[in-house]
Amino acid sequence: MENFEPKIVTFACNWCSYPAADAAGVGRMQYSSNIRIIRVMCAGRINSSFVFKAFELGADGVLVTGCHIEDCHYLFGAKQTVHNYDKIEKLVLMLGIEPERIRYEQISAAEAPKFARVINEFVADVKKIGPSKLKTTPAKSSNS
Amino acid sequence: MFLDKQLKEKIKKTNALACLECGKCTSVCPVSTVSRKYSPRVLLTRALRQNSDLLLQEYDLWSCLTCGKCEEFCPADIHYIELMQLLRTQAQNSGFDGKCSHSGALQSLQRIMTTGNLNQNRRAWITDDLEISDKGDYLYFVGCTPYFDIFFTDLQLNTLEAARSSIKILNRFGIAPIVLPNERCCGHDLYWNGDTENFKKLAQLNAEMINASEAKYILFSCAECLSSFKNLYQQQGFTIHAQLLHMSQFLNEKISSDELQLSESAEMLTYQDPCRLGRHLGIYDEPRHVLQHNNSSHYRELQPSRKQSLCCGVSGWMNCDINSKAIQTKRLEQAHETEAEVLTVACPKCQIHFTCTLQDKTLNTKYPIRIKDIATITLARMI
Ligand code: SF4
Ligand code: SF4
Ligand code: FES
């Protein structure tokens, strides 16, 4: 497990956590390179299909990030994220995927250090439990 | 690219070449009656004649509910739904797909379940008042309902109520059924979506676990699960060494042997034939016997019914669209016309789809009917 480099899919919202990631880069903060960021306009767009798909395609961990509730640029989006994430977490745990493999964080555009810290913590947690056990044959078509 | 040779051979087996182009299929098809475009006759003719790449990218390839109504009327004995399945498999293999409802979340969930060493936590729904065991003659196969229950919390439907009622009924007969801790999705949706490869993986895992349990009877609340086990598993070479029964069949047997007494229902009931239970498996009478037993004044037949019944409008989590809603609305209207207060279902998918349609406040006011599973209704009537 020493050399295990997990693949982490990170969803980030365009107005808060994505700029935070940017600022972390500009500020030369060190954070793990194991993450692949997928930018969405609002974290409220993220539903269980995003997370399942990531796991189905071999992600070792999935991180959902977005604005703080009152900062969401679409007013109700971040609330929707909380609601969706609650379901996502329950479903993922029911599948027997370890709780360490998913996490949700609210990170504002001004919280670059928090972004770097969350990434590092999450990657370290996933490294501890090792690669995902899921072995799937994804659909051959792209849009399902 | 034209249809490959292998596929052509398989198409022959569906008898599609015998099509008379009479159009009876289109005249009875629930989708065709509400859609301006969808026609099984046209789709079949195109499959035989046309450049298949175009066909495989066709939206309507995924509109068929595989409900089997057309087959009941086809004078040429064509196995239309198998033809759809073959074309979809070919489409998937060529990289095309339909529009998955819920962004494909449920398909992903099902594919994740093909993992061999999965350690699910899927039995949390078994509350302390329910008795299950690790060994015995009876096994209750719950299917994906524990997942649906979370996935559809927003619809405020309780898909697990049917499962809990079923276990309670079994307990009353002194049966503590086995409920497998790592049961997989039966594979129904993936099969009819054309993902035959992943369907087979799920079937294999389920067959191994169930045969290892040595149970003699496998009970189902879900019509789709039962149709997969009875028809598809058999067809694809996964043998289950047990008798497969829908809960309605179990209840009916208990009535026949005088072991089950039921009181009159407090509500007026009607019954929705699930396409999988009815046309796919020929189970029409048992649920009706149970609902009508000692209850003739509180049961109304929903028209059209049995072989002619209208199904719940979506299958395999594909192409849930305006046509689906139109079919569901029509069915709810028919149910409302019976003056029943409860629409009895025998499949969790029917429950989900009709409950979803009733989220529309206008419809809900217009057709104030409740959707309940047959086991839940029967449990309440048990003496
Ligand atoms: S199976 Fe059902 S939905 Fe499909 S073409 Fe036949 S009648 Fe129409
Ligand atoms: S009912 Fe049968 S024979 Fe007639 S058009 Fe449809 S598939 Fe062809
Ligand atoms: S805009 Fe960031 S969560 Fe909605």
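Before reading on, note that the structure itself is shown above.
Residues numbered from 1 in each chain as written. Chains lettered and ligands numbered in written order. Predicted model: local features only at pLDDT ≥ 70, side-chain atom pairs only at ≥ 80, totals over all residues. Heavy atoms only, no water.

Novice: Would you explain the pattern of salt bridges in this entry?
Specialist: Residue and element names in this part refer to chain A. Per the stated rule, a full pass over the model turns up 30 salt bridges over all chains. The shortest N-O distance in the salt bridge between E5 and K127 comes to 3.6 Å. Of the two residues, E5 sits in the segment before strand 1 (8-13) while K127 sits in helix 4 (residues 112-129), which places them 122 residues apart along the sequence. Judged by its relative accessible area of 33%, K127 is partly exposed. (Salt bridge = Lys/Arg side-chain N within 4 Å of Asp/Glu carboxyl O. Helix = DSSP H or I, 4+ residues; strand = E, 2+ residues; numbered from the N terminus. Buried < 20%, exposed > 50% of the residue type's maximum accessible area, 1.4 Å probe, protein only.)

Novice: Even after reading the chapter, I still don't get the sheet that holds strand 2 (residues 217-220) of chain B, so can you show me in this structure?
Specialist: Hydrogen bonding along the main chain pairs the strands of a sheet, whether they run parallel or antiparallel. Residue and element names in this part refer to chain B. Strand order in the open sheet formed by 3 strands is 1-2-3, with parallel pairing between adjacent strands. If you trace the sheet from one side to the other, it starts and ends with strand 1 (138-141) and strand 3 (243-246), each paired once. Across the sheet, the axes of successive neighbouring strands diverge by a mean angle of 25°, strand direction being ignored. One ladder, built from 4 bridges, connects strand 1 with strand 2; its direction is parallel. Looking at the pairing, F141 lines up with F220 of strand 2. The sheet strands contacting helix 14 (residues 247-256) are strand 1, strand 2 and strand 3, and the helix crosses strand 3 at an angle near 90°. (Pairing = 2+ DSSP bridges. Axes fitted to C-alpha atoms, helices over the stretch in contact; angles between N-to-C directions. Contact = heavy atoms within 4.5 Å.)

Novice: Teacher, can you tell me more about helix 19 (residues 374-381) of chain B here?
Specialist: Each α-helix winds once per 3.6 residues, and so residues spaced three or four apart point in a common direction. Of all 8 residues in helix 19 of chain B, 7 are buried, a share of seventy percent or more. Regarding helix 19 of chain B, the residues found buried are I374, A375, T376, I377, T378, L379 and R381 of chain B.

Novice: Sorry, what's going on with the nonpolar core here?
Specialist: Across soluble globular proteins, nonpolar side chains show a tendency to be buried alongside one another. The biggest cluster of nonpolar side chains holds 78 residues, and the ones touching the most others in it are W125, Y140, F141, I218 and F229 of chain B. Top element by residues in this core is helix 13 (residues 223-235) of chain B. It accounts for 6 residues. Looking at which domains feed residues into this core, each of domain 2 (106-252) and domain 3 (260-381) of chain B supplies at least three. With sequence-adjacent residues up to four places away left out, W125 of chain B is seen in contact with L130, Y140, V142, P146, L160, A163, R164, I167 and V179 of chain B. With 45 residues, the next largest nonpolar core counts V62 and V64 of chain A together with A105 and L118 of chain B among its residues. (Core = buried A, V, L, I, M, F, W, Y, C linked by side-chain atoms within 4.5 Å. Domains from an automatic or database assignment.)

Novice: Is there a simple way to think about the side chain of H280 of chain B in this case?
Specialist: Along the chain, H280 of chain B falls in the loop between strand 4 (269-271) and helix 15 (285-292). Dropping the residues within four chain positions of it, H280 of chain B is found in contact with T66, C67, I81, W192, S227, N231 and C275 of chain B.

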